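Overview (structure and organization)
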Amino acid sequence: MIELDGASGEGGGQILRTGLALAMCTRQPVRFNRIRAGRAKPGLMRQHLACVNAAAEVSGARVDGAGLGSQTLVFEPGDILAGDYRFDVGSAGSSTLVLQTVLPALMTAAGESHITLTGGTHNPMAPPFHFLQRSFAPLLHRLGVGLDLALERHGFYPAGGGRFTARIVPAAQLVPVNVLARGERLDAFAECLTPGVPGRVAAQELAVIGERLNWPADKLVRAEARQDEGPGNALMATLAHVDVTEVFTSFGEKGRPADQVAVALVREVQSYLRSDGALGEHLADQWMLPLALAVQASGRPAAFTCTALSQHARTQIETVSAFLPVRFTAEKQDRDWRVTVSPD
């Protein structure tokens, strides 16, 4: 049984989700200790239990310790079962993180799967729906995996109630690819979601984006959302290149001025533009697990460049390496990082 220390690295829920995903993919039982010890409220919260329960359903696993606040969990997976699933976080917790947990297993299953997920779709500290759809899914396609996402309803904290669907078509054979450059820029635009929030908020945020990034008015859009999907505020910037599309998001909250929301997004975009890395900090983190699975399956190395290598990413490397016979090599270059994943 593999033992994972939830207090290592950044000490958050990513160790749990990655460990569950790879336990399913490798059919290896895993024991988690000190789960989320690095957080103000350690242990399993409702959205983490949703990930555990989803993983158990997909793999027919035996689970011990799945309770609110639990800091120890034993997960013994069975066979991965492709099929139709419905997963409900039961709160405004991120439904995209539930997908992140079961996706690696289902993209290596024997057949196609369809999932309906409800909960939060646009949450701080989690990949928003548009990031998965525009940035992550196209990279998976390059590995040979089909991931089609459709948003049915936005869900923001604290109301939740979001819903989206995912169609997962496994690869006949995972093929690792190098992602070393972005390619020519095709488009750049900003969108503002403000359901249940005064319209002036979107106008102010988009105005700051236009002024600071010198983007024309036709690239500043107030995105459509039903008023009953709020209250919520997500300001998004999309940079589409030939080989990579990046989505950056800044969230509004009560008491946070609109211009601060916009300035935070501008800084993220400018930081990405100053680097030569193909992948932004968060996309690099998301990319490591599926790429490592492809390297293991094919026996061929692959590499990518990224703008930064965060503590979150370093923790991801440690967790993936505990399950898969692969080796990560990270090299700091002039204006980016180069990460190579090789068979070990």
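Residues numbered from 1 in each chain as written. Predicted model: local features only at pLDDT ≥ 70, side-chain atom pairs only at ≥ 80, totals over all residues. Heavy atoms only, no water.

**Quick look at the UniProt feature "domain: RNA 3'-terminal phosphate cyclase insert" (unreviewed entry) in the protein**
The cut-off we apply is this: UniProt positions are given in the numbering used here, feature names are shortened, and annotations may be inferred rather than shown by experiment. Secondary structure follows DSSP: runs of H or I at least 4 residues long count as helices, runs of E at least 2 residues long count as strands, and numbering of each begins at the N terminus.
According to UniProt, the "domain: RNA 3'-terminal phosphate cyclase insert" (unreviewed entry) feature falls on residues 188–273. End-to-end, the C-alpha atoms of residues 188–273 are 12 Å apart, and along that stretch the chain is 36% helix and 28% strand.

**Re the sheet that holds strand S4 (residues 73–76)**
Two orientations exist for strands paired in a sheet by backbone hydrogen bonds: parallel and antiparallel. Let me state the cut-off plainly: Two strands form a pair only when DSSP identifies at least two bridges running between them. Axes, fitted as lines to C-alpha atoms, cover a helix only where it is in contact. Angles between the N-to-C directions of the axes lie from 0 to 180 degrees. Here a residue-residue contact requires only that any non-hydrogen atoms of the pair lie within 4.5 Å.
An order of S1-S2-S4-S3 is seen for the 4 strands of this open sheet, with the pairing classed as mixed. In the strand order of this sheet, the two ends are held by strand S1 (2–5) and strand S3 (62–64), each with one partner. Across the sheet, the axes of successive neighbouring strands diverge by a mean angle of 15 degrees, strand direction being ignored. Note: S3 against S4, 3 bridges, orientation antiparallel. For Val63, the partnering residue across the bridge sits in S4 and is Phe75. Sheet strands touched by helix H1 (residues 14–26): S1, strand S2 (30–33) and S4. Its angle to S2, the strand with the most contacts, is close to 170 degrees. Sheet strands in contact with helix H2 (residues 46–59) are S3 and S4, and its direction is about 20 degrees off that of S4.

**Digging into the pattern of salt bridges**
Stated formally: Salt bridge, as used here, is a side-chain nitrogen of Lys or Arg placed within 4 Å of a carboxyl oxygen of Asp or Glu. Note on classification: 1.4 Å probe, protein chains only; a residue is buried when its accessible area is under 20% of the maximum for its type, exposed when over 50%, partly exposed between these limits.
Evaluation of the coordinates by the stated rule reveals 12 salt bridges. Linking Glu152 and Arg163 is a salt bridge whose minimum nitrogen-to-oxygen distance equals 2.5 Å. Taken together, the positions of Glu152 in strand S7 (residues 146–153) and Arg163 in strand S8 (residues 162–169) put the pair 11 residues apart, joining distant regions of the chain. Notably, a salt bridge pairs Arg335 with Asp276, separated by 3.0 Å at the nearest N-O pair. Highlighted residues: Arg335 in the loop between strand S14 (326–332) and strand S15 (337–343) and Asp276 in the loop between helix H6 (258–274) and helix H7 (281–298), separated in sequence by 59 residues. A residue is classified by how much of its surface remains accessible, and Asp276, at 41% relative accessible area, is partly exposed. Through salt bridges with shared partners, a single ionic network connects Arg153, Arg226, Asp228 and Glu229.

**Quick look at helix H3 (residues 95–106)**
Owing to its 3.6 residues per turn, the α-helix brings residues three or four apart onto one side. Under the convention used in this document: Any helix carries an expected span of 1.5 Å times its number of residues minus one.
With 12 residues, H3 extends 16 Å from end C-alpha to end C-alpha; this agrees with the ideal 16 Å at 1.5 Å per step. The element H3 is extensively covered by neighbouring structure, given that 12 of its 12 residues are classed as buried. Burial in H3 covers these residues: Ser95, Thr96, Leu97, Val98, Leu99, Gln100, Thr101, Val102, Leu103, Pro104, Ala105 and Leu106.

**Things to note about H6**
The end-to-end C-alpha distance of H6 is 25 Å, a good match for the 24 Å that 17 residues give at a rise of 1.5 Å each. Along H6, the residues classified as buried are Ala258, Val261, Ala262, Val263, Leu265, Val266, Val269 and Tyr272. On the buried face of H6, the contacting elements are helix H5 (199–213), strand S11 (234–241) and strand S12 (245–251).

**Some details on the packing of aromatic side chains**
Worth spelling out the cut-off: Classification of ring pairs uses Phe, Tyr and Trp, with its six-membered ring standing for Trp, and accepts pairs whose centres are within 6.5 Å; under 30 degrees between planes counts as stacked, over 60 as edge-to-face, and the remaining range as tilted. Either the NZ atom of lysine or the CZ atom of arginine qualifies as a charge over a ring when it sits within 6 Å of the ring centre and within 35 degrees of the ring normal.
Going through the model one piece at a time under the given rule, you end up with 3 aromatic pairs. Look at Tyr85 and Phe87: their rings are 5.5 Å apart centre to centre, the planes differ by 20 degrees, and that puts the pair in the stacked class. For the pair Tyr85 and Phe87, one class covers both residues: buried. Across from the ring centre of Tyr272, 3.6 Å away, lies the NZ or CZ of Arg182, which sits over that ring.

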